[in-house]
Amino acid sequence: TTATATTTSSPSLRHTEAEDVVCAHLSGKNTTLFASLFELLTTKFLSRDESLQLDPRRDVDRLLRKRAFLDIRSVYEKVGKLSRGDLYDGSGVQHDAEELLTFTLATLHDEFVEECNRLIKSKALSEQDLIEDTEDDDDDGWHEIGKGQQATQLKKIETSSSPFSKRMQGQFRSTLTLKGKTKSILRQPFFTLQVDIMGVGNLFDALKNTFVEETIKDYHEGKSVQKSLQVERLPDLLLIQLKRFRYDEYYQSTKLLHHVDFTENMAFSDDLLVPSCVNRQYKLIGVVYHLGVNASHGHYTCATRSSIGWLYFNDRKVSRVDRSEVFSSSKHKQAYILAYSAIPQKYNDE
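Predicted model only: the values in this text are computed from it and were never measured.

**Student:** Help me understand the overall build of the protein in this model?
**Tutor:** Secondary structure assignment for the protein yields nine helices and 18 strands. Within the span of the protein, comprising 350 residues, buried residues form 37% of the whole. Considering only contacts within the protein whose residues lie at least 6 apart along the sequence, 66% involve residues at least 24 apart. Summing over all exposed atoms, the protein offers an accessible surface of approximately 20,400 Å²; the carbon and sulfur share of this is 50%.

Right, here's the structure in full:
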């Protein structure tokens, strides 16, 4: 499942107050995934009782055991209905965590944009709350002039703004170059950055492996083209999928079991970014692990950073975990999704 995108031009939000208006309307619609998640967090997870709040001075395990087990069947059922059974059919069969994550974020984004446009039409949101999206406002949006007055053909998949896209969505810039012809550029948003870990042992090399320039043979009139991929915009929250599942020569789904090193702090090398992209420093805040030796069976767990250190979530059991265990792996447990949060610039300067 990939992030959906609209091609219609739509206003983007200027103030968080306008976002709150849209979210308030969405939370009251039982047909939306947003409403299901909102109810889950506000009525079943976030407690108003101060005695149940995490306190760094107390035993986190004892406090967490006071909470009732988090029942998320309503959310899964809504995901199953919206995905027409592709991601949840009630059978208990394992589905890919990255697909579920991307589907959830894309659906929340689409629901927000749809509700925003509905409120604009009904005048529930005034024009003063909105600004027109004027990015790349060319006559036809198709041509740029590069070095040496070279024409560049430009295609952009437009996306309307939402709190999810503004904070969690980056953007690729894919360039096809045919000698003697114009360049073709495609800009495409992403919620998860999928990196190729085949034959590499660390995240840095995996990123290099993913963005390496490649030759596509017989692309146009028997001629080959060069394809390059770079990041044009980095999100506040960067989600990286280590692509462990692949098809072998017999078209059977297999899992790559080797360890991939990743660091607590990371940044992209400049050659992976377009010149206009502002590089950012990131800090690791979460890891999703896949437990199992094959692609069709297994179990997902995760570790998250908190104010009292790292916590490990394994179904109903929540425990504290040593930092070294977050970055380690075994034959039966490997990191699958990494969550990095951008460090504010003022802290970078310090």
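Following the structure, the description resumes.
**Student:** How should the side chain of Asp96 be read in this particular structure?
**Tutor:** Mapped onto the elements, Asp96 comes out in the loop between helix H4 (73-82) and helix H5 (97-121). The side chain of Asp96 sits in the buried core without any salt bridge; Lys255 is the nearest counter-charge, 10 Å away. In this structure the side chain of Asp96 is engaged in a polar contact, spanning 2.9 Å, whose partner is the backbone nitrogen of Glu98.

**Student:** What should I look at first to understand the environment of Ala342 in this one?
**Tutor:** Locating Ala342 in the fold gives a position in strand E18 (residues 333-342). We classify Ala342 as buried; its relative accessible area is 13%. Each C-alpha atom, one on Ala342 and one on Ala267, is 9.4 Å from the other, the two residues being 75 residues apart in sequence.

**Student:** How should unusual backbone geometry be read in this particular structure?
**Tutor:** Backbone geometry follows two general trends: most residues other than glycine have a negative phi, and most peptide bonds adopt the trans configuration. A positive phi angle is found at Tyr251, which is not glycine, with a value near 60°. Within the secondary structure, Tyr251 sits in the loop between strand E11 (245-247) and strand E12 (253-255).

**Student:** I would appreciate a short explanation of the pattern of salt bridges in the present structure.
**Tutor:** As a working rule, side chains carrying opposite charge can pair if their charged atoms are close by. Taken as a whole and judged by the stated rule, the model has eleven salt bridges. A salt bridge links Lys166 to Glu19, with the shortest nitrogen-to-oxygen separation between them at 2.5 Å. With Lys166 in helix H6 (residues 163-168) and Glu19 in helix H1 (residues 16-27), this residue pair connects regions lying 147 residues apart in the sequence. Classification of Glu19 as buried rests on a relative accessible area of 5%. The salt bridge involving Arg305 is made with Glu264; its shortest N-O contact spans 2.6 Å. On the criterion of sequence distance, the pair formed by Arg305 in strand E15 (residues 299-306) and Glu264 in the loop between E12 and strand E13 (265-266) is long-range, its members being 41 residues apart. With a relative accessible area of 29%, Arg305 lands in the partly exposed category. For Glu264, a relative accessible area of 15% corresponds to the buried category. One network of salt bridges, with partners in common, ties together Glu264, Lys283, Arg305 and Arg323.

**Student:** In this structure, what is going on with the pairing of E18? I would like to understand it.
**Tutor:** Each regular strand shows side chains that alternate between the opposite faces of the sheet. With nine of ten residues buried, E18 is to be regarded as a mostly interior element. Both strand E10 (residues 237-243) and E18 contribute to a ladder of five bridges, which runs antiparallel. Its bridge partner lying in E18, Leu238 is registered against Tyr340. Where strand E14 (residues 282-291) and E18 come together, nine bridges link them in antiparallel fashion.

**Student:** Please clarify how the nonpolar core should be interpreted in this entry.
**Tutor:** Nonpolar side chains in soluble globular proteins tend to be buried together. Counting 38 residues, the largest nonpolar core has Leu193, Leu203, Ile240, Phe268, Leu338 and Tyr340 as its most contacted members. If you list the elements that add at least two residues to this core, you get strand E7 (192-196), helix H7 (203-210), E10, E14, strand E16 (309-314) and E18. Val22, Leu33, Leu119 and Ile120 belong to the second largest nonpolar core, which has 17 residues in total.

Reading the values: the criteria
- All residue numbers here refer to positions counted from 1 along the written sequence of the relevant chain.
- In view of the model being predicted, local features appear only for residues whose pLDDT reaches at least 70, and side-chain atom pairs are presented and counted only at 80 or more, with totals across whole chains, interfaces and linings using the full set of residues.
- Water and hydrogen atoms were dropped before computing side-chain values, which therefore reflect all heavy atoms in the structure.
- Strands here mean DSSP runs of E at least two residues long; helices mean DSSP runs of H or I at least four residues long; both are numbered from the N terminus.
- Relative accessible area decides the class of each residue, using a 1.4 Å probe on protein chains only: under 20% of the type maximum gives buried, over 50% gives exposed, and in between gives partly exposed.
- Any pair of residues with heavy atoms lying within 4.5 Å of one another is described as a contacting pair.
- Calculation of accessible area relied on Shrake-Rupley with a 1.4 Å probe; when residues are assessed, cover is drawn exclusively from the protein chains displayed.
- Only four residue types enter the charge count: Lys and Arg as positive, Asp and Glu as negative, with His and the chain ends excluded.
- In what follows, salt bridge is the name for a side-chain nitrogen of Lys or Arg lying within 4 Å of a carboxyl oxygen of Asp or Glu.
- Polar contact criterion, stated in full: a pair of N or O atoms within 3.5 Å, where within protein one must be able to donate a hydrogen and the other to accept it, and residues adjacent in sequence count only if both atoms are side-chain atoms.
- Two strands are counted as paired when DSSP detects at least two bridges linking them.
- Residues enter a nonpolar core if they are buried and are Ala, Val, Leu, Ile, Met, Phe, Trp, Tyr or Cys, with the set joined through side-chain atoms within 4.5 Å.

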